[in-house]
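Coordinate inspection notes
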Amino acid sequence: MTHQPLAALSRDDLAALLQEQTTAYDDLKTRGLKLDLTRGKPSAAQLDLSDELLNLPNGFTDGSGTDVRNYGGLTGLTELREMFADLLWVEPEQVIAGGNSSLTMMRDCLIYMLLFGARDSDRAWSKEGTIKFICPVPGYDRHFTLLESLGIEMITVPMNDDGPDAEAVARLVKDDRSIKGMWVVPTYANPAGSVCSQEVAARLASMETAAHDFKIFWDNAYALHHLTEEEAKSADILTLASAAGHPDRPIMFASTSKITFAGAGVAFLAASVNNVAWYLGHLGNGSIGPDKVNHLRHVQFFGSAQGVRDHMAKHREIIAPKFAEVDRVFSERLGGYDVATWNKPAGGYFVNLDVVPGTAARVIALAKDAGVALTQAGSSFPHGQDPHDQNIRIAPTMPPLEEVTAAIDAVATCILLAAAEQATA
Ligand code: PLP
């Protein structure tokens with residue numbers, strides 16, 4: 001259906017639209033909906049794909065005969081490191097297989113840096129006064145709350161279709177020694193869906209930084225999470241940084257949280273061999289080794305790197321229709337009104353929605369009152385503050401398809417109502 005842009009409607013037509021959407025919204029509220037599009041979690045059907053893990057491992061020794069039930073092996077099981085080195089395009093000696101959460105590894109790195117300094121620091125970051133990080137926006141809320149919890153200041157830069165605005169980053173880091181690092185979600189970013197190009201990665205890897213121990217936290221959480229058969233390859237940040245003379249600049253993170261079990265997967269850190277030694281040196285003071293039984297379970301379950309790719313194709317079959325449904329319903333309900341833009345991500349877990357500036361919080365409040373939970377307004381920005389109050393992160397993976405349809409239809413009504421309210425105010 002084609003609609004007229006709100007800006008082109010007469011006062012009477014706008015009043016009629018407001019009336020129509022108010023009625024639609026009142027009707028929505030009587031339906032007793034209880035739908036949730038808040039967090040990017042795998043659905044039960046996706047978790048079922050990995051149930052075989054519950055019957056593994058067979059036996060308890062790894063390829064070298066080590067008894068995985070015992071202490072030790074801080075770097076993680078060799079076979080699993082090799083498998084994910086292949087998938088993340090790094091060398092096995094650059095990879096550590098750890099516990100179940102890559103976010104915990106990111107937090108540990110930050111805390112080690114604050115307490116002791118990075119491998120190439122002159123002193124602990126906490127001794128340097130104000131510390132700042134660059135945050136491409138919209139971005140991952142937990143990155144921001146983590147920095148906030150540690151007292152690290154945040155400077156935003158735009159997230160473009162080819163990754164963070166590298167020129168803006170380069171300008172900022174050139175003269176400010178207090179800027180010690182930045183986040184990059186390089187593949188199918190949360191929530192922008194963008195993929196960092198090799199050119200942008202090369203610029204970030206090679207740019208001049210006032211802080212000689214500047215770090216790129218390269219969070220490749222969605223490296224393998226393709227929604228189409230055209231599989232984006234992540235930029236090769238470790239090689240680029242090494243070639244540019246900054247081998248210790250990037251630290252890469254990934255996990256199987258959205259490959260096997262979100263609560264019982266395996267997380268990975270990949271970096272220069274020196275950074276790996278730095279991390280293990282600190283980790284070893286608080287751990288005698290990771291859960292190698294879970295590592296072995298994952299090795300046996302996947303069999304090979306190709307086994308992981310094949311497994312991801314099964315995820316795609318389950319979730320791609322949900323993403324298509326978000327686009328279909330929004331297009332049908334909102335197309336032409338000029339009240340919203342949304343992306344069609346080729347991977348990852350989110351649809352990035354922008355509504356009329358000044359109405360995102362209202363849309364989310366309306367949806368809540370109608371029984372549809374959306375992520376809090378501003379959550380993709382540091383301190384929860386979206387300067388234009390227009391961004392909403394949609395997470396369609398968890399509910400069944402029919403619930404996605406109902407929820408997006410309801411959100412479309414809320415978007416239209418909020419836009420009509422604003423236009424007639
Ligand atoms: N990084 C990003 C960008 C995410 O979106 C998420 C989860 O939503 C995580 C990290 C969490 O990773 P993990 O489960 O390995 O801690």
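These lines cover the structure that appears in this document, whether it is placed above or below. Since we're looking at a predicted model, the values are computed, not measured.

What counts and what doesn't
Think of each chain on its own: its residues are numbered from 1, step by step along the sequence as written. The model is predicted, so local features are restricted to residues of pLDDT at least 70 and side-chain atom pairs to those at 80 or more, both for listing and for counting; the totals for chains, interfaces and linings are taken over all residues. Three exposure classes are used, based on other C-beta atoms lying within 10 Å of a residue's own C-beta, which is placed from the backbone: buried for 20 or more, exposed for 12 or fewer, and partly exposed in between. A run of H or I in DSSP counts as a helix once it spans at least four residues, and a run of E counts as a strand once it spans at least two, with each numbered from the N terminus. Pairing between two strands is assigned when DSSP locates at least 2 bridges connecting them. Contact between residues is assigned whenever the C-beta positions, reconstructed from backbone atoms, fall within 7 Å. For each residue, a C-beta position is placed from the backbone atoms; the residue is near a molecule or strand when that point lies within 6 Å of it. As a working rule, the residues Ala, Val, Leu, Ile, Met, Phe, Trp, Tyr, Cys and Pro are called nonpolar, Asp, Glu, Lys and Arg charged, and the rest polar, with Gly in that last group.

**Digging into the pairing of strand S13 (residues 391–394)**
The two faces of S13 match: Asn391 and Arg393 on one face and Ile392 and Ile394 on the other face are all buried. In this structure, strand S11 (residues 351–355) lies alongside S13, joined through 4 bridges in antiparallel fashion. Counted as the bridge partner of leucine 353 is isoleucine 392 from S13.

**A word on helix H3 (residues 78–88)**
Along H3, the residues classified as buried are Glu79, Leu80, Arg81, Met83, Phe84, Leu87 and Leu88. Those residues of H3 that are buried are in contact with strand S2 (95–97), strand S8 (250–255), strand S9 (267–270), helix H10 (292–302) and helix H11 (305–334). Just past H3, the residue tryptophan 89 takes up positive phi, approximately 60°.

**Brief notes about unusual backbone geometry**
A cis amide bond links leucine 56 to the next residue, proline 57, at an omega of 5°. On the secondary structure map, proline 57 appears in the loop between helix H2 (44–48) and H3. The residue tyrosine 188 is not glycine, and still its phi comes out positive at about 50°. With a phi angle near 65°, aspartate 338 is a residue other than glycine that sits in the positive phi range. Looking at where aspartate 338 falls in the secondary structure, it is placed in the loop between H11 and strand S10 (340–342).

**Some points on the site of the ligand**
By nearness alone, every residue bordering the ligand is listed as Gly40, Ser101, Ser102, Leu103, Tyr140, Val185, Asn190, Asp219, Ala221, Ser255, Ser257 and Ala267. In the shell around the ligand, the residues fall into 5 nonpolar, 6 polar and 1 charged.

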